[in-house]
Amino acid sequence: MTLGRHLTTFLLIASLLTLFMACLLGATPLGPDRVVQTLFGAGTPGDTVVIWQIRMPRALAAYAVGAALGLSGAALQGLLRNPLAEPGVLGVTASAALGATFALYYGLVSFSAWVLPVAAISGALIATIIIAIAAIKVQSVITLILIGVGLSSFSAALMSLLMNLAPNPFALSDMLNWMLGSVANRSLDDLYFAGPFLAIGFVILLATRDGLSALTLGEEGASGIGLDLRRQRIFVIIGTGLLTGAAVSIAGAIGFIGIIVPHIIRPMVRHDPARSLLPSALLAGIGLVLADILVRTVPSTSELKLGVVMALIGAPAFVWIAMRGRTLDD
Amino acid sequence: MLRLIALIGALVLAACDGHQSVTGTGPERPMRIVSLDYCADQYVLKFVSRDRILAVSPDANSEFSYMRDRAHAIATVRPRVENVLALKPDLIIRSYGGGPNAQAMYERAGIPVLNIGYVNNLDDIPNVTRTVAAGLGAPELGNAVIAEFQTRLAAIPASETPLPTLYMTPSGVTSGPDTLIHEMLIAAGLANYQTRPGWRSLPLEELAYTSPDLIAAAFFNEQPETVGAWSSMRHPVARRQLKQNSAISLNGAWTSCGAWFLIDAIEALAQGNRP
Amino acid sequence: MTKLVASNLSVQTKKTCLLDDVSISVQSGELAVLLGPNGAGKTTLLRAITGLLKPSSGGVTLDTRPIDALSPKRRAQKIAYLPQTRPLAWPSRVIDVVTLGRFAHGSAIGSLSDDDQVAINAAIQACDLTTLQHRRCDTLSGGELARVHCARSFAAQTSLLIADEPVAALDPKHQFKIMDLIKNYVANGGGALVVLHDIRLAATYADRLIWMKAGSITADGPPDTTLTVQQMADTFGVKARIENQNVIIAGSID
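Residues numbered from 1 in each chain as written. Chains lettered and ligands numbered in written order. Predicted model: local features only at pLDDT ≥ 70, side-chain atom pairs only at ≥ 80, totals over all residues.

Considerations on the overall build of chain B
Phase 1 of the analysis: Scanning chain B from terminus to terminus reveals 11 helices and 10 strands.
Phase 2 of the analysis: Scored against the burial criterion, the 275 residues of chain B give a buried share of 44%.
Phase 3 of the analysis: Here the contacts in chain B between residues at least 6 apart in sequence split such that 65% fall between residues at least 24 apart. (Helix = DSSP H or I, 4+ residues; strand = E, 2+ residues; numbered from the N terminus. Buried ≥ 20, exposed ≤ 12 C-beta atoms within 10 Å, placed from the backbone. Contact = placed C-beta atoms within 7 Å.)

Here you go:
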């Protein structure tokens, strides 16, 4: 399908351009020529550190987190057959943040740096499993979203309680970042430890995407054309759990990007959930890098949070999509 | 009838006494003193004998409390109005404890409040120390402390070529001009690597180009492993500074309140500077 | 020649017995119609025979191999299943829904082989969807949608088709159109088991009638032998008159 291929190519080029733009911003004024030189390995040692250790890792972190959340959103929407499904709304990001903060502020991370992403992923998987089980038993997706709201609220409350009680003195001051998201001071180290989980989650969701197309026919119809429904559910659960957990371990809980982006992409891929996965990931990555650029350029005494930018755009979009209603039944 | 008049009279007199709005100076030798935060704790533990201290803040025993050795077995109280009033203190001493409305609230309850002034630069330290010591009823001890501070400060050798020094903490913030920390570095004969005023995140991009000659590392003894999840101290560029450059370790207790013991930090810096 | 055999199927839930010792077969070259009142267990039987529902006892074999030994995809390569409710979660195009029929062969919208293309085109032509193929399904009428789902089943190129009320809620013209398509499919070597509510339609198209009531099979044979007034009374509780191939229902009994 040439439209799909063109879209993906366009988004890849746009991604590279956006990452380049993000590298232009920073405390040290670096002209585009110096940035380009450094990107191709011909920069001065100072420039190289600035671009490759400070600016690019932050941009890549924003991109990876955006892509992970966009992909998870698209996959969850395909599985649950509803445009409102997304890790933030369904309580998955809040549970992941709970796992991460518990491990971090009670000193579990001192055993190994891998503990942080694993803890966040565990939180995410618990929530995704609860949602998936509920999706089988519950008919209406509204109920599912309410369960997600419940999960979110409970996780957020537990997180606040734990951080208040934590022996670590930084817990409370970090709370805002965990709940609203930020990629400040992210380095290649952070990407290194979350990277494998991001990669595996990516591969799982992309490899099983055709099953999401089959689900267009509903669960019975999809089983009829040969979909192994249990397997599909399990893979989407594991994939979104890994991606959301890893993303939250890098940047805290960022919501709504998993709703906005797939909603934009789907009409461009003839509403096929499988075809929407990769472009959703790419566009969401671009979106979060742009949001981070906004966060860094808007003059304010304390840095604006990524989650705030996303919520300002995403929450109205969420309400608008919900009010349009379901065009087709399920 | 007479007894009633006497009772009312006594009550009126007591009320009048209480409305004496005393800020800065309390009774001549207040006997029952409560301290609301750990900066106030330092002054009260230094200038007041144990029998006159009613309670200190819960942080008096923490690692960053300079006078913690004197805080053993002294009662602590959380800076909540009900808790403090229940102790019936003669004087309350605070710098930030109890919140911005604390002074008004305690004075309405008839208890004088001694506020420790804000210390912006090194000259403020003797002034604040003098005022607080007088308010606590120990003016001579106050003068002695000030004299020692000034003597030790004068003894710091001036430096011909002040070395650029970066002040680092686990929270990843550093201090530029217009702060007490900046003055501390200058007084120690050093230059401040950070040129932007105020408290900010570590200047990672600048560190990519030029390294400071020295690092003033504060609070790392108390919190070696714990760092905020978004602290710029986690960044490899920042961590490299600690590894590559000579670091002078400062106890967090020395710098955590702008008080007379800052001289310990200044001396440590000046000493570490010497080859 | 493909044969799907269900032997002694029983499906038991906590409250009721949905199927009680049911044995039927479907094979190539034959159009069998399953008749019965609401709640007789027709949908349950179809689900059990396509391997979507695990029976409490009894078994289903496809060409003498047990059906639960097959993976869902292998099974879907042999049997096409049209369920009773046919939702479409997204406003997909006609051609994309028909393409889903190739799912069991491992194909997807972006990666279609020549065989896939041929099958899809043949199905679209057979179901008269050529002018509609790029329309969005949410803009189609009921009759057109029914043809789209038929086309999807045909595109799978399976030996057997199992359809649960494929013509429900369609006007008479479209009911006949769909049944013509299925008849054609059977004439070209396929085998079909179709649930219908319209007796006249059943009588017209069926090679074999299977009568169900209360979870059991009451009769199984060609219309000449099984379509009787007594059968109509027993199964549906209605008074019927049968003249040649015409069935006229006079009213209900009691």
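So much for the structure itself; the text now carries on.
Regarding the confidence of the model for chain B
Phase 1 of the analysis: For chain B, per-residue confidence averages 86 on the pLDDT scale, and residues scoring 70 or more make up 87% of the total.
Phase 2 of the analysis: Scored below 50 in pLDDT, residues 15-25 of chain B makes 11 contacts in the model with residues more than four places away or belonging to other chains. (pLDDT = per-residue confidence, 0-100.)

Brief notes about the domain arrangement of chain B
Residue and element names in this part refer to chain B.
Phase 1 of the analysis: Taken domain by domain, chain B holds domain 1 (21-151) and domain 2 (158-273).
Phase 2 of the analysis: For domain 1 versus domain 2, the separation of C-alpha centres amounts to 28 Å.
Phase 3 of the analysis: Secondary-structure elements contributing two or more residues to the side of domain 1 that touches domain 2 are α2 (38-47), α5 (124-135) and α6 (139-154).
Phase 4 of the analysis: When the residues that make up the side of domain 1 that touches domain 2 are grouped by side-chain class, the tally is 8 nonpolar, 5 polar and 1 charged. (Domains from an automatic or database assignment. Nonpolar A, V, L, I, M, F, W, Y, C, P; charged D, E, K, R; others polar.)

Quick notes on the arrangement of the chains
Phase 1 of the analysis: Across the 2 pairs of chains that are in contact, the largest number of contacts falls between chains A and C.
Phase 2 of the analysis: Separating chain B from chain C is a minimum C-alpha gap of 41 Å, and the two share no contact.

What to know about the interface of chain A and chain B
Phase 1 of the analysis: Across the contact, 21 residues belong to chain A and 19 residues belong to chain B.
Phase 2 of the analysis: For the side of chain A that touches chain B, the secondary-structure elements that each account for two or more residues are α3 (45-80) and α7 (171-180) of chain A.
Phase 3 of the analysis: Broken down by element, the side of chain A that touches chain B gets its largest block of residues, 5 residues, from α3(A).
Phase 4 of the analysis: Counted by class, the side of chain A that touches chain B contains 8 nonpolar, 11 polar and 2 charged residues.

Focus on the sheet that holds strand β7 (residues 160-164) of chain C
Residue and element names in this part refer to chain C.
Phase 1 of the analysis: In spatial order, the strands read β6-β7-β8-β3-β9-β10; together these 6 strands make up an open sheet with mixed pairing. With one partner strand each, in any of the chains shown, β6 (79-82) and β10 (216-221) form the two edges of the open sheet. Averaged over all neighbouring strand pairs, the angle between strand axes comes to 15°, with direction disregarded.
Phase 2 of the analysis: Direction of pairing for strand β3 (residues 31-35) relative to strand β9 (residues 208-213): parallel, over a ladder of 4 bridges. (Pairing = 2+ DSSP bridges. Axes fitted to C-alpha atoms, helices over the stretch in contact; angles between N-to-C directions.)

Digging into the nonpolar core
Phase 1 of the analysis: Ranked by size, the top nonpolar core spans 264 residues in total, and within it V65(A), A246(A), V44(B) and V33(C) carry the most contacts.
Phase 2 of the analysis: With 21 residues, the single largest contributor to this core is α3(A).
Phase 3 of the analysis: Both domains that furnish three or more residues to this core are identified here as domain 1 (21-151) and domain 2 (158-273) of chain B.
Phase 4 of the analysis: Residues in contact with A246(A), not counting those within four places in the same chain, are A68(A), P117(A), A120(A), I121(A), A194(A), F197(A), L198(A) and G201(A). (Core = buried A, V, L, I, M, F, W, Y, C linked by C-beta atoms within 7 Å.)

Examining the pairing of β7(C)
Residues and elements named next belong to chain C.
Phase 1 of the analysis: Most of β7 is tucked away, with 5 of its 5 residues classed as buried.
Phase 2 of the analysis: Across the two faces of β7 the burial is the same, with L160, I162 and D164 and L161 and A163 all buried.
Phase 3 of the analysis: With 4 bridges joining them, β6 and β7 adopt parallel strand pairing. Bridged to A80 within β7 is L161.
Phase 4 of the analysis: Strand direction decides the pairing type here: β7 and strand β8 (residues 191-195), joined by 5 bridges, are parallel. Bridge pairing in β8 places L160 opposite G191.

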